[in-house]
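Below, each chain spelled out in residue letters.
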Amino acid sequence: VSTQSTGEVSVNQEYLVHRIGELAAGSCLGCFRWESGGQYKNAPWNKELPTDSQIVAHCVNTYLDSHLPRNPMYPEGRTFTTQYFVQTPSKADSKKRDYALYQSSIHPPHFKVLVGEEVWEVSKGRNNLFHSLLLLLFHLRAEQHGMLGPVNLGPTGLNMLWIIE
C-alpha cells in the first residue's frame, strides 16, 4: 500500500483525495476508521487501499516535511518522512536516530515511538496513531527543548506544543 520510496501513501491518488475530503468534513474526524477506510466508487474498502491511520500519518508527515528545511542528503525534500518516520518492513533499528515515529504494522496499523535505542510501545487500537504522535511531541518538548531538528514546535515556530500543555 505505502510506496515510501516515491512519497505516495497510495498509488490510487483519486481514492486518497476522496478520502481526505471525507475525513475533513464535519469535525473531529467523525468518519475515521483506524483499521480500514471508506467506501469508494460504491465498493467497500479493501487492503489495496490505505487505512485512515495511514492517510492521517501521511498528512502529518507531509505537513512536517513542508516546514523542515531541505536536507541535501534527501533531495526529494521529504526531510521529516526520511529522517523521523520509519515504516515496516524497515526495522526500528535500521538507522541510528534520536527519535522517530515508527509504523510497525500495516494491517492493522500500529505505531510506536523510537527514542535512541528504545522502542516505546503505545496501546493498540483506534487511538494508537494519535497517542504515538502525542508521545513523540511530549518527548520533543521534554528532551529536545521543543525542537524538531532546527524547527521550533512551540509558539515561536509551528505552535504544535499547545496540544500537550
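Structure's up top.
Notes on the structure in this doc start here. Please read all numbers here as calculations on a predicted model, not as lab measurements.

**Re the overall build of the chain**
Logical step 1: If you tally the helices and strands in the chain, you get four helices and six strands.
Logical step 2: What you see for the chain is a C-alpha radius of gyration of 16 Å, in line with the 15 Å of a compact globule of 165 residues.
Logical step 3: For the chain, the spread of C-alpha atoms along the three principal axes comes to 50 × 30 × 30 Å.
Logical step 4: Buried residues in the chain amount to 45% of all 165 residues.
Logical step 5: Of the contacts formed within the chain by residues at least 6 apart in sequence, a portion of 40% connects residues at least 24 apart.
Logical step 6: Accessible area of the chain: about 9,000 Å², with a carbon and sulfur share of 56%.

**Side note on the sheet that holds strand β4 (residues 118-120)**
Logical step 1: Here we have four strands laid out as an open sheet, ordered β1-β2-β3-β4, and mixed in their pairing. Of all the strands in the sheet, just β1 (85-87) and β4 have a single pairing partner and so form its edges. Taken pair by pair, the neighbouring strands of this sheet meet at an average axis angle of 30 degrees, ignoring direction.
Logical step 2: Here three bridges tie strand β3 (residues 110-115) to β4, and the two strands are oriented antiparallel to one another. Looking at β4, one finds that L114 is bridged to V119.

**Description of the layout of surface pockets**
Logical step 1: A volume near 310 Å³ is recorded for the largest pocket.
Logical step 2: Around the largest pocket sit 15 residues that line it, and V60, L133, L137, M160 and I163 are the ones nearest its centre.
Logical step 3: Breaking the lining of the largest pocket down by element, the ones donating at least two residues are α2 (52-67) and α4 (128-143).
Logical step 4: Residues of the lining of the largest pocket, tallied by class, amount to 15 nonpolar, no polar and no charged.

**Considering empty space enclosed by the protein**
Logical step 1: On inspection of all chains with the given rule, the structure shows one cavity of 30 Å³ or more.
Logical step 2: Of the voids in this model, the largest cavity is the one considered here, and its volume is about 30 Å³.
Logical step 3: Lining the largest cavity are W34, S53, P109, F111, G125, R126, N128 and L129.

**So, the packing of aromatic side chains**
Within a pair of aromatic rings, the relevant descriptors are the distance that separates the centres and the angle that separates the planes.
Logical step 1: Throughout the structure, instances matching the rule amount to four aromatic pairs.
Logical step 2: Ring geometry for F80 against Y84: centres 5.7 Å apart, planes inclined by 35 degrees, an arrangement best described as tilted. Taken together, the residues span about one helical turn, with F80 and Y84 both in helix α3 (residues 79-84) at a distance of four residues.
Logical step 3: Y84 sits in the buried class, given a relative accessible area of 12%.
Logical step 4: Among the aromatic residues, those joined into a cluster by ring pairs are F80, Y84 and Y99.

The rules behind these values
- Residues numbered from 1 in each chain as written.
- Predicted model: local features only at pLDDT ≥ 70, side-chain atom pairs only at ≥ 80, totals over all residues.
- Heavy atoms only, no water.
- Helix = DSSP H or I, 4+ residues; strand = E, 2+ residues; numbered from the N terminus.
- Rg over C-alpha atoms; globule rule 2.2 N^0.38 Å.
- Buried < 20%, exposed > 50% of the residue type's maximum accessible area, 1.4 Å probe, protein only.
- Contact = heavy atoms within 4.5 Å.
- Areas by Shrake-Rupley, 256 points an atom, 1.4 Å probe, with all protein chains shown as cover.
- Pairing = 2+ DSSP bridges.
- Axes fitted to C-alpha atoms, helices over the stretch in contact; angles between N-to-C directions.
- 1 Å grid on protein atoms, 1.4 Å probe; cavity = no way out; pocket = protein on both sides within 12 Å on 5 of 7 lines; lining within 4 Å.
- Points joined across faces, edges and corners; volume = space filled by probe spheres on them.
- Nonpolar A, V, L, I, M, F, W, Y, C, P; charged D, E, K, R; others polar.
- Phe/Tyr/Trp six-rings, centres within 6.5 Å; stacked < 30°, edge-to-face > 60°.

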